[in-house]
Amino acid sequence: MTADGEHGDQVGGNFGGEVGRPPARRAGLALFRRRYGGGPGHLLTMVAGLSLAGYVISILAGVGHPLEILLWVAGAIVAHDLVLFPLYTALDRLSHRLRPRSGRPPLVPLRNHVRAPLVISGILLLMSFPLVFGLSQRTYLRATGLSTSVYAGNFAVVAGSLFAGSALIYALRFVLARRNRPQFVADDREKGPDDAHQRAEG
Amino acid sequence: MSDRPAPAPANRLALRLARPVALIRRVVSGPEIDALAAKTQRLWRSPIRGPWITSVFGSLLLVGIPIMFVTGLLSYVAYDPRLAGNDNTPQHGILGFYLFNWVSSPSWVYRISQGIHVSLGLVLLPIILAKLWSVIPKLFEVPPVRSVAHALERVSLVLLVGGIGLELATGIADIEYFYPWKFDFYDVHFYGAWAFMSGFLIHVWVKFPAMVKALRSRSLRRELSTSLADTRPETSGELVARAPAPATISRRGLIGLVMGASATVFFTTAGETIRSLHGTALLAPRGRRKGRDPNDFEVNITFETSRIDPRVTGARWRLEVEGQRRVKLSRAQLLSMPQTTAELPIACVEGWSTVQTWTGVALVDLARLAGAKVGSDLLAVSLEPPGSPYRSATLAGNQAGNPAALLALKVNGADLSPDHGFPARIIVPGAPGVHCTKWVQQLRFLPS
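Residues numbered from 1 in each chain as written. Chains lettered and ligands numbered in written order. Predicted model: local features only at pLDDT ≥ 70, side-chain atom pairs only at ≥ 80, totals over all residues. Heavy atoms only, no water.

Engineer: I'd love a proper account of the overall build of chain A, names of residues and values included.
Structural biologist: The secondary structure content of chain A amounts to nine helices and zero strands. Reading the helices (α) and strands (β) of chain A from amino to carboxyl end gives α-α-α-α-α-α-α-α-α. The buried share of chain A, taken over its 202 residues, is 36%. On chain A, roughly 11300 Å² of surface is accessible, and the fraction owed to carbon and sulfur atoms is 66%. (Helix = DSSP H or I, 4+ residues; strand = E, 2+ residues; numbered from the N terminus. Buried < 20%, exposed > 50% of the residue type's maximum accessible area, 1.4 Å probe, protein only. Areas by Shrake-Rupley, 256 points an atom, 1.4 Å probe, with all protein chains shown as cover.)

Engineer: Explain the overall build of chain B to me, and be specific about the residues and the numbers.
Structural biologist: Across its full length, chain B carries twelve helices and ten strands. Within the span of chain B, comprising 448 residues, buried residues form 57% of the whole. The contacts in chain B between residues at least 6 apart in sequence include a share of 70% that link residues at least 24 apart. As displayed, chain B has an accessible area near 19600 Å², and 61% of this comes from carbon and sulfur atoms. (Contact = heavy atoms within 4.5 Å.)

Engineer: Give a description of the interface of chain B and chain A that names residues and reports values.
Structural biologist: At the interface, 86 residues of chain B touch 81 residues of chain A. Together chain B and chain A conceal approximately 7500 Å² of surface at their shared face, both sides included; 72% is due to carbon and sulfur atoms. Of all residues in chain B, Glu176(B), Leu283(B) and Arg288(B) give up the largest surface area on contact with chain A, accounting jointly for 9% of the area buried on that side. Linking chain B to chain A there are 21 residue pairs in polar contact (both at pLDDT 80 or more). Elements supplying a minimum of two residues to the side of chain B that touches chain A: α1 (12-27), α4 (109-134), α5 (148-175), α6 (185-217) and α8 (251-269) of chain B. Here the side of chain B that touches chain A gets 15 residues from one element, more than from any other, and that element is α5(B). (Buried area = accessible area lost by both parts, 1.4 Å probe. Polar contact = N/O pair within 3.5 Å; in protein donor to acceptor, adjacent residues only side chain to side chain.)

Engineer: Go over the packing of helix α5 (residues 111-132) of chain A against α8(B) with me, naming the residues and quoting the values.
Structural biologist: Packing of α5(A) against α8(B) leaves a shortest axis separation of 10 Å and a crossing angle of 45°. The angle between the axes of α5(A) and α8(B) places the two elements in the oblique class. With respect to the hand of their crossing, α5(A) and α8(B) are arranged in right-handed fashion. Side by side, α5(A) and α8(B) meet where Ala116(A), Val119(A), Ile120(A), Ile123(A), Leu124(A) and Met127(A) of the first sit next to Leu257(B), Gly260(B), Ala261(B), Thr264(B), Val265(B), Thr268(B) and Thr269(B) of the second. (Axes fitted to C-alpha atoms, helices over the stretch in contact; angles between N-to-C directions. Parallel < 35°, antiparallel > 145°, perpendicular 65-115°, else oblique. Left-handed = near helix turned anticlockwise from the far one by under 90°.)

Engineer: Just give me the short version of the sheet that holds strand β5 (residues 378-382) of chain B, but keep the residues and values in it.
Structural biologist: Residue and element names in this part refer to chain B. Strand order in the open sheet formed by five strands is β2-β1-β10-β5-β6, with mixed pairing between adjacent strands. Among the strands making up the open sheet, the edge pair consists of β2 (326-329) and β6 (392-395). This sheet shows a mean twist of 15° between the axes of neighbouring strands, independent of strand direction. As paired strands, β5 and β6 are joined by four bridges and run antiparallel to one another. When the sheet's bridge partners are listed, alanine 380 is paired in β6 with alanine 393. (Pairing = 2+ DSSP bridges.)

Engineer: Outline a nonpolar patch on the surface, listing residues and values.
Structural biologist: A cluster of nonpolar side chains, contributed by Val78(A), Leu82(A), Val83(A), Leu139(B) and Phe140(B), occupies part of the molecular surface with about 380 Å² of accessible area. Counting through the fold element by element, Val78(A) comes out in helix α4 (residues 66-95). (Patch = residues over 30% accessible without salt bridge, like charges linked within 9 Å, V, L, I, M, F, W, Y side chains within 5 Å. Salt bridge = Lys/Arg side-chain N within 4 Å of Asp/Glu carboxyl O.)

Engineer: Outline the packing of aromatic side chains, supporting the account with residue identities and numerical values.
Structural biologist: Taken as a whole, this structure holds 25 aromatic pairs over all chains when the rule is applied. An angle of 90° between the planes, with centres 6.2 Å apart, marks the rings of Tyr140(A) and Tyr151(A) as edge-to-face. A residue pair is termed long-range when its members are at least 10 positions apart, and Tyr140(A) in helix α6 (residues 137-144) and Tyr151(A) in helix α7 (residues 150-180) qualify at eleven residues. One exposure class covers both Tyr140(A) and Tyr151(A), and it is buried. Measuring from ring centre to ring centre gives 5.5 Å for Phe185(B) and Tyr186(B), while their planes differ by 65°; the resulting arrangement is edge-to-face. (Phe/Tyr/Trp six-rings, centres within 6.5 Å; stacked < 30°, edge-to-face > 60°.)

Engineer: Got a sec to walk through the pattern of salt bridges? Specific residues and values, please.
Structural biologist: Residues and elements named next belong to chain B. Applying the stated rule across the entire model yields 16 salt bridges over all chains. Note that glutamate 141 and arginine 146 form a salt bridge whose closest N and O atoms lie 3.3 Å from each other. Judged by relative accessible area, which is 15%, glutamate 141 ranks as buried. Several salt bridges converge on common partners, so that one network encompasses Lys138, Glu141, Arg146, Arg154 and Glu238.

Engineer: Quick one: what's the story with the nonpolar core, residue by residue and with numbers?
Structural biologist: Membership of the largest hydrophobic core comes to 101 residues, with the highest contact counts inside it found for Leu124(A) and Trp358(B). It is α4(B) that provides the largest number of residues to this core, a total of 13 residues. For Leu124(A), the residues in contact, after removing those within four places along its chain, are Phe155(A), Val158(A), Leu162(A), Thr264(B), Val265(B), Thr268(B) and Leu283(B). Grouped together as the second largest cluster of nonpolar side chains are 32 residues, Val327(B), Ala367(B), Ala370(B) and Val440(B) included. (Core = buried A, V, L, I, M, F, W, Y, C linked by side-chain atoms within 4.5 Å.)

As structure tokens, then:
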């Protein structure tokens with residue numbers, strides 16, 4: 001909603017356009033909008049959607065363990081914003097330290113070559129941690145006749161490949177960048193700042 | 001605000017609705033709140049957060065989520081919940097309005113629809129996380145409520161965010177056999193989907209114009225060719241950082257990262273239903289094989305788990321077929337009947353599937369033998385003790401009447417193994433795997 005910032009109380013899309021209506025209705029609509037904060041269409045959408053939700057929730061309340069379900073919904077609401085987000089932001093702040101401390105910008109910035117495999121492995125772990133940590137070993141064995149023990153190794157293989165792939169792309173980019181900037185390479189040979197630069201990054 | 005004329009009666013409702021919000025606004029306005037709002041806004045520093053990037057992820061979800069919902073509903077249809085004992089959510093009320101008789105051809109129909117449901121659900125996980133990241137400043141909006149309309153929108157966001165989290169958590173945990181709860185999976189995944197969709201429909205209805213406007217504000221092609229060095233914050237919009245930090249990743253970098261994550265999820269899981277991707281399916285819960293024997297394909301519920309006494313599956317075993325008359329058949333008698341061979345998938349609600357070559361007696365032949373009308377509904381009961389969740393299932397007439405629907409005795413040329421349902425199991429084209437009852441004891445063709 002790009003318009004929100006400029007129009008204060010107005011929310012939502014372009015509901016109940018006021019152009020071309022008789023003045024009395026226009027005044028009524030304007031008052032409605034001022035009081036409600038949106039057009040009549042907005043209110044209608046809300047009432048329809050929330051009624052459906054109310055109906056569904058009234059069924060859910062009767063299906064058994066409603067309090068536990070409520071707890072899971074609450075957990076689902078805060079899971080990203082109050083748990084995952086602070087966690088990955090803190091980790092990312094740590095990755096700031098991968099910046100070279102010397103003044104010269106790196107030939108190829110290393111940072112996203114660490115971030116990308118880290119983020120993807122993190123998502124894979126979020127998806128498959130019950131298998132990777134064997135949390136469902138008993139039910140899994142009962143259903144499939146197999147053990148979950150392979151998944152820790154499998155995850156390590158996938159995560160390892162992601163880091164290796166990223167390192168390979170980094171190396172390629174580094175070589176290409178050096179080749180495309182012959183002056184820089186010549187400069188390097190003279191003063192040897194390439195080594196210093198590598199140390200700062202690693 | 002004080003010199004406004006008295007409102008017309010038609011507007012009294014709006015006034016009444018607005019009263020609590022006006023009260024909140026009075027409490028939470030003033031210079032201190034404005035200062036807090038300014039401070040909060042300064043906490044968000046990402047220079048690439050903004051309406052455009054949110055709308056990119058939003059538009060992907062706008063395509064993906066309806067597919068999830070439709071395939072989810074189809075899976076419910078595929079269980080034929082209107083037949084006795086098949087409904088996992090019998091309290092569904094009007095939420096079953098769309099139910100129709102599930103098809104039994106082509107044989108891969110459920111394999112495709114449920115394969116899409118589970119694989120796509122996993123692929124959407126990175127996009128949903130990216131979308132949540134992109135809108136996080138909205139959770140900490142100051143003031144938290146600006147108007148009645150805004151308050152209702154925030155309530156709908158509880159359904160949206162809580163709903164998608166619940167659907168992802170229960171869906172993913174279920175396919176990994178992880179049950180850290182006491183409630184019923186079907187209840188929560190089914191009703192949770194409807195609660196989520198009510199929030200989703202509100203959200204799409206309200207935000208669609210803003211999404212289109214934001215997508216038009218920048219060219220995707222230009223963004224995809226903009227390097228990190230040239231990455232600048234978006235120019236306007238409520239998600240744009242007031243005090244942006246220098247960019248450390250470009251927009252194309254973030255989009256590439258999210259697409260890369262989705263692709264990695266796909267290639268490490270989809271092999272449990274797409275054979276050609278089997279080799280990379282290292283994180284797929286299923287699709288693993290014990291060995292190379294004819295019976296070494298995926299098992300769901302082992303013989304040991306079924307708690308069936310091994311003695312009752314031996315020479316003593318008789319199949320009871322009931323139609324107009326009752327017939328008892330030994331396994332040898334079944335093997336001496338005309339045999340039908342069909343290549344059919346087992347397609348599980350958990351998204352995995354496996355196609356095998358099954359041989360046995362066609363269900364239509366058994367119907368004729370028992371004097372039942374071909375096309376009658378069929379109740380199949382297994383040897384499992386009463387109370388077992390998969391002890392029986394009812395097949396619709398079009399399934400039991402499909403010429404390829406079998407009471408299978410062999411698979412890939414070998415006798416069924418105990419894990420795959422020896423002495424005999426049902427295998428039906430197009431039906432969810434759970435309806436292919438194993439260790440069959442009784443077949444009852446139901447009068448229509």
